[in-house]
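Close look at the chain arrangement
Residue strings, one per chain:
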Amino acid sequence: MIAVIFSIASLATVLVLLLYFFARADCDVTLFIVEKFGIKPRVLKNKVVWITGASSGIGEALAYELAVIGSKLVLSGTNESKLNEVRKKCLAMNPTLKESDVLIVSFNMKEIDKHEEKMKQVLEHFDQIDILVNNAGRSQRSSFEEIELEVHKELFEINVFGLINLTKLVMKHWYKTNFKGQLVVTSSITGKLGAPYSTSYTASKHALHGYFEAIRLESYCRGLSVTIICPGPVFSAILQNAVRGKVGERVGGAAFSNDSKRMTAERCAYLMSVAIANKVDETWITEQPFLTIFYTTQYLPSLTRSFLCRYLTKERASELRDGK
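All of the points below concern the structure found in this document. (Residues numbered from 1 in each chain as written. Predicted model: local features only at pLDDT ≥ 70, side-chain atom pairs only at ≥ 80, totals over all residues. Heavy atoms only, no water.)

With respect to unusual backbone geometry
For the bond running from Gln 288 to Pro 289, omega is 5 degrees, close enough to zero to count as cis. In this model, Asn 46 sits at a positive phi of 70 degrees, which is unusual for a non-glycine residue.

Put into structure tokens, the structure is as follows:
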């Protein structure tokens, strides 16, 4: 009888904890626990962190988060004037940072032939790179049958091949100097599950997981660590530069409304800093209902896909992605 009561109590406790988690969490279980009990992001103070895609969205917010901590920053992107604004704000947010602690290295991720030159510029300034945050990327919105092949190629050049080339150069430097660096890549929840009407974007994020999971296994014995970040919908200007199905077409449009079910870039950046500080292998950062969809897709894949295929019309998919 006592054993039965104990079993019922244990089951009830587990159910209560699960309900609490899914009601309160905006990240996966590991990060949820690490945020409360793990290493604090302040350990990143004085670390040299190179952030690509730092002129807006998650990259910009991460720069501010790390600036407050006291990290030394390399800010990269294509909009140099915006990067200068971000740099000024970083310095203003932490008076202990010197002018030389925040460096701007502007370039287009597609321009692979310039990557080595840009890395040398960073090393000449800071002498070392502790953490590379591969955050640059572009989104896409269109039905698969409408997408021109060149659009697929463009997305992969920016989201995959550019990141992989820069990563390879930094890794070679770390191997040469026997340095134990950390690679961070901003993937997406679409890197783990399919997003309808964003097939090029989804495929590019899946590709990143393939590359960085293999890199993790190759580089672990040499002291390198890999952290893959999978954010869900975040308030950002992602749609302004998102491509459509034809070359040169952009989605554009207004910013997301404040009542959208989206995480703030600031909250996402903070959780990223926690994951980086604790060297979490992979983390999911998203609010409901996306977090539940994430878990059911991972652990009940056939059932979830069956439901989504029946439920997600084009209109519903757009509404869900836009946080309506």
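Remarks on the nonpolar core
Here is the rule: Buried Ala, Val, Leu, Ile, Met, Phe, Trp, Tyr and Cys residues that are joined via side-chain atoms within 4.5 Å together make up what is termed a nonpolar core. Buried residues are those whose accessible area, probed at 1.4 Å on protein chains only, stays under 20% of the maximum for their type, while exposed residues exceed 50% and partly exposed ones sit between those limits. Helix and strand assignments come from DSSP, with helices taken as H or I runs of at least 4 residues and strands as E runs of at least 2, each series counted from the N terminus. The contact criterion used is simple: two residues touch if any of their non-hydrogen atoms lie within 4.5 Å.
Grouped together as the largest cluster of nonpolar side chains are 83 residues, with contacts concentrated most on Trp 50, Ile 51, Leu 73 and Phe 212. Broken down by element, the residue count for this core peaks at 9 residues, all from helix α8 (residues 265-277). Beyond its immediate stretch of four places on either side in the chain, Phe 212 contacts Asn 134, Ile 164, Thr 167, Leu 183, Val 185, Val 226 and Ile 228.

Topic: the packing of aromatic side chains
Selection criterion: Centre distance within 6.5 Å is the pairing criterion for rings of Phe, Tyr and Trp, where only the six-membered ring of Trp is used; planes under 30 degrees apart are then read as stacked, over 60 as edge-to-face, and the remainder as tilted. Our definition puts a charge over a ring when NZ of Lys or CZ of Arg is within 6 Å of the ring centre and also within 35 degrees of the ring normal.
Going through the model one piece at a time under the given rule, you end up with 6 aromatic pairs. Seen from their ring centres, Trp 50 and Phe 107 are 6.4 Å apart, and the 65 degrees between their planes marks the pair as edge-to-face. Taken as a pair, Trp 50 in strand β1 (residues 48-51) and Phe 107 in the loop between β3 (102-104) and α5 (115-126) lie far apart in primary sequence, 57 residues in all. Classification of Phe 107 as buried rests on a relative accessible area of 6%. Taken together, a centroid distance of 6.1 Å and an interplanar angle of 45 degrees make the contact between Phe 156 and Phe 161 tilted. By the ring-pair criterion, three or more aromatic residues cluster together here, those being Trp 284, Phe 294, Tyr 295 and Tyr 299. The lysine or arginine in question, Lys 36, covers the ring of Phe 32, its NZ or CZ lying 4.5 Å from the ring centre.

Thoughts on the pairing of strand β5 (residues 182-186)
Worth spelling out the cut-off: At least two bridges found by DSSP between two strands are what make those strands a pair. Viewed with both strands pointing away, a crossover whose connecting path from the first strand over the helix to the second turns clockwise is right-handed.
When you tally the buried positions in β5, you get 5 out of 5 residues, the bulk of the element. Burial of β5 is two-sided: the residues Gln 182, Val 184 and Thr 186 facing one way and the residues Leu 183 and Val 185 facing the other way are all buried. Two elements, strand β4 (residues 131-134) and β5, share 4 bridges in a ladder whose sense is parallel. If you follow Ile 131 over to β5, its bridge partner there is Gln 182. As for the winding sense of the linkage, the β-α-β connection from β4 through helix α6 (residues 149-177) to β5 is right-handed. Here 5 bridges tie β5 to strand β6 (residues 225-231), and the two strands are oriented parallel to one another.

Digging into a nonpolar patch on the surface
The line we're drawing: Each patch is assembled from residues with relative accessible area greater than 30% and no salt bridge, linking like charges that lie within 9 Å and nonpolar side chains (Val, Leu, Ile, Met, Phe, Trp, Tyr) that lie within 5 Å. In this description, accessible areas are obtained by the Shrake-Rupley approach with a 1.4 Å probe, and a residue is regarded as covered only by the protein chains that are shown. When a carboxyl oxygen of Asp or Glu is within 4 Å of a side-chain nitrogen of Lys or Arg, the pair counts as a salt bridge.
A cluster of nonpolar residues, Val 29, Ile 33 and Phe 37, forms a patch on the protein surface that exposes about 320 Å² of accessible area. Considering the arrangement of structural elements, one finds Ile 33 in helix α2 (residues 29-37). Among the residues examined, Ile 33 registers a relative accessible area of 44% and is labelled partly exposed.

Things to note about the packing of α6 against helix α7 (residues 199-219)
To keep things clear, this is the line we draw: Structural elements are reduced to axes, namely lines fitted to C-alpha atoms, with helices fitted over the stretch in contact, and the angle between N-to-C directions of any two is expressed from 0 to 180 degrees. Each angle is binned into one of four classes, with values under 35 degrees roughly parallel, values over 145 roughly antiparallel, values of 65 to 115 roughly perpendicular, and all other values oblique. By convention, the crossing between two helices is left-handed when the near helix turns anticlockwise from the far helix through less than a right angle, and right-handed when the turn is clockwise. When residues are sorted by character, Ala, Val, Leu, Ile, Met, Phe, Trp, Tyr, Cys and Pro go into the nonpolar class, Asp, Glu, Lys and Arg into the charged class, and all the rest, Gly among them, into the polar class.
At a minimum axis distance of 8 Å, the contact between α6 and α7 shows a crossing angle of 15 degrees. By the angle between their axes, α6 is roughly parallel relative to α7. For the pair α6 and α7, the sense of crossing is right-handed. On α7, the residues touching His 152, Leu 155, Phe 156, Asn 159, Val 160, Phe 161, Leu 163, Ile 164, Thr 167, Met 171 and Tyr 175 of α6 are Thr 199, Ser 200, Tyr 201, Ala 203, Ser 204, Ala 207, Leu 208, Tyr 211, Phe 212, Ile 215 and Ser 219. For the contact of α6 with α7, a count of residues per class yields 15 nonpolar, 7 polar and no charged.

Digging into the pairing of strand β2 (residues 72-75)
The side chains of a regular strand alternate, residue by residue, between the two faces of the sheet. In terms of strand pairing, β1 meets β2 through 4 bridges, oriented parallel. Note that in β2 the partner of Trp 50 across the bridge is Val 74. Crossover connection from β1 via helix α3 (residues 57-69) to parallel β2: handedness right-handed. Here β2 runs beside β3; their pairing, made up of 3 bridges, is parallel. Following the sheet pairing, Leu 75 is matched in β3 by Ile 104. Handedness of the β-α-β unit built from β2, helix α4 (residues 80-93) and β3 comes out right-handed.

Comments concerning the environment of Ile 164
When you line up the elements, Ile 164 lands in helix α6. Put simply, Ile 164 and Leu 208 are 44 residues apart on the chain and 8.3 Å apart in space, counted from C-alpha to C-alpha. Among residues more than four places away in sequence, those in contact with Ile 164 are Tyr 211 and Phe 212.

A word on the pattern of salt bridges
This model, assessed by the stated rule, comprises 11 salt bridges. Among the salt bridges present, the one from Lys 246 reaches Glu 148, with a minimum N-O distance of 4.0 Å. Residue Lys 246 is found in the loop between β6 and α8, and its partner Glu 148 is found in the loop between β4 and α6; the two are separated by 98 residues along the sequence. Here Glu 148 falls in the partly exposed class, since its relative accessible area comes to 32%.

Some thoughts on the sheet that holds β1
Taken together, the 7 strands give an open sheet; going across it, the order is β3-β2-β1-β4-β5-β6-β7, and neighbouring strands pair in parallel fashion. In the strand order of this sheet, the two ends are held by β3 and β7 (282-285), each with one partner. On average, each strand axis in the sheet is inclined to that of its neighbour by 15 degrees, with strand direction left out of account. Bridge count for β6 against β7 is 4 bridges, and the pairing is parallel. Across the sheet, the residue bridging to Pro 231 is Ile 285, located in β7.

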